[in-house]
Amino acid sequence: QLEQKAFPTSHIPTQSSAVTRSRDEVKLVAYDNFNESIGAYCFEFNLLGFTGTSQYLFNVNDGSSDNRITTLISAGGILTAVADGGSFTVFEAEPATILTPTRIVVNYEPSRVEIFINGVANDVDVDLTLPTGLTDINIGSNSAEAFQLDGHLKDLRCYDFILNSH
């Protein structure tokens, strides 16, 4: 649910039976929302639980899994992956903690990706190729709108420049 109110603002008629609402699927067009050459994306989230499968936080892709920049939570913790033509570079990170606010910054430019978690430099790679032709942004799920986040995204921002560590 994307609403942040003290009361529910979406009425779901139930006819006196129990109803569970599906999670929102948030998808944007990458054009004018994401610079695939150089930039940064950052977000803050709270993980509510582990589902046993990967949970995608942010995924910029070309409609496939072969070309993408993505940050997700897996059994090994928070990780970011860059795929160019199916060739993957994975940035391992620290374990995710339930109900703990976590802030992630991913800086990217040609041949370089740098990850910060809660203000601390976590991983860097200076020998990779960024994917091109990225058309879609999925927030809280992958390109198939599966592997949804069991948590809250508090803030998400994309920049067309590199953020410094301060």
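Position labels on residues start from 1 in each chain and follow its written sequence. For this predicted model, a pLDDT threshold of at least 70 governs which residues receive local features, and a threshold of 80 or more governs which side-chain atom pairs are given and counted, while totals over whole chains, interfaces and linings are taken from all residues. The side-chain values count all of the structure's non-hydrogen atoms but skip hydrogen atoms and water molecules.

1. As for the sheet that holds strand β7 (residues 102-109)
Strand pairing in a sheet relies on backbone hydrogen bonds. The paired strands run either parallel or antiparallel. Short version of the rule: Here, strands pair whenever DSSP counts at least two bridges between them. Helix numbers and strand numbers start at the N terminus; a helix is a DSSP run of H or I with at least 4 residues, a strand a run of E with at least 2. Note on method: axes are straight lines fitted to C-alpha atoms, helices fitted across the in-contact stretch only, with angles between N-to-C directions ranging 0 to 180 degrees.
Across the sheet, 5 strands lie side by side as β9-β8-β7-β2-β11; this open sheet has antiparallel pairing. In the strand order of this sheet, the two ends are held by β9 (120-125) and β11 (151-159), each with one partner. Averaged over neighbouring strand pairs, the angle between their axes works out to 15° when direction is ignored. As defined by bridge partners, strand β2 (residues 39-47) adjoins β11 across 8 bridges and the pair is classed as antiparallel. Following the sheet pairing, Y41 is matched in β11 by C158.

2. Concerning the confidence of the model for the protein chain
This is how the line gets drawn: A score between 0 and 100, pLDDT records how confident the predictor is in each residue.
Here the protein chain averages 84 in pLDDT, and 86% of its residues register 70 or above. Averaged pLDDT values for the elements of the protein chain fall to 82 in strand β1 (residues 26-29) and rise to 93 in β2.

3. A word on the nonpolar core
The nonpolar side chains of soluble globular proteins are, as a tendency, buried together. Quick note on the threshold: In plain words, nonpolar cores are sets of buried Ala, Val, Leu, Ile, Met, Phe, Trp, Tyr and Cys residues tied together by side-chain atoms within 4.5 Å. Think of it in three bands: residues with accessible area under 20% of the maximum for their type are buried, residues over 50% are exposed, and the middle band is partly exposed, with areas taken using a 1.4 Å probe on protein chains only. Any two residues having at least one pair of non-hydrogen atoms within 4.5 Å are treated as being in contact.
By size, the foremost hydrophobic cluster in this structure holds 28 residues, and its most contacted members are F34, Y41, F45, F58, I73, I104 and V113. Of all the secondary structure elements, the ones that give two or more residues to this core are β2, β3 (55-61), β4 (68-74), β5 (77-84), β7, β8 (112-117) and β10 (136-139). In terms of residue count, β2 provides more of this core than any other element does, 4 residues in total. Not counting residues within four places of it along the chain, the set of residues in contact with I73 comprises F45, L47, F50, T53, S54, Q55, L57, I78, A96 and L149.

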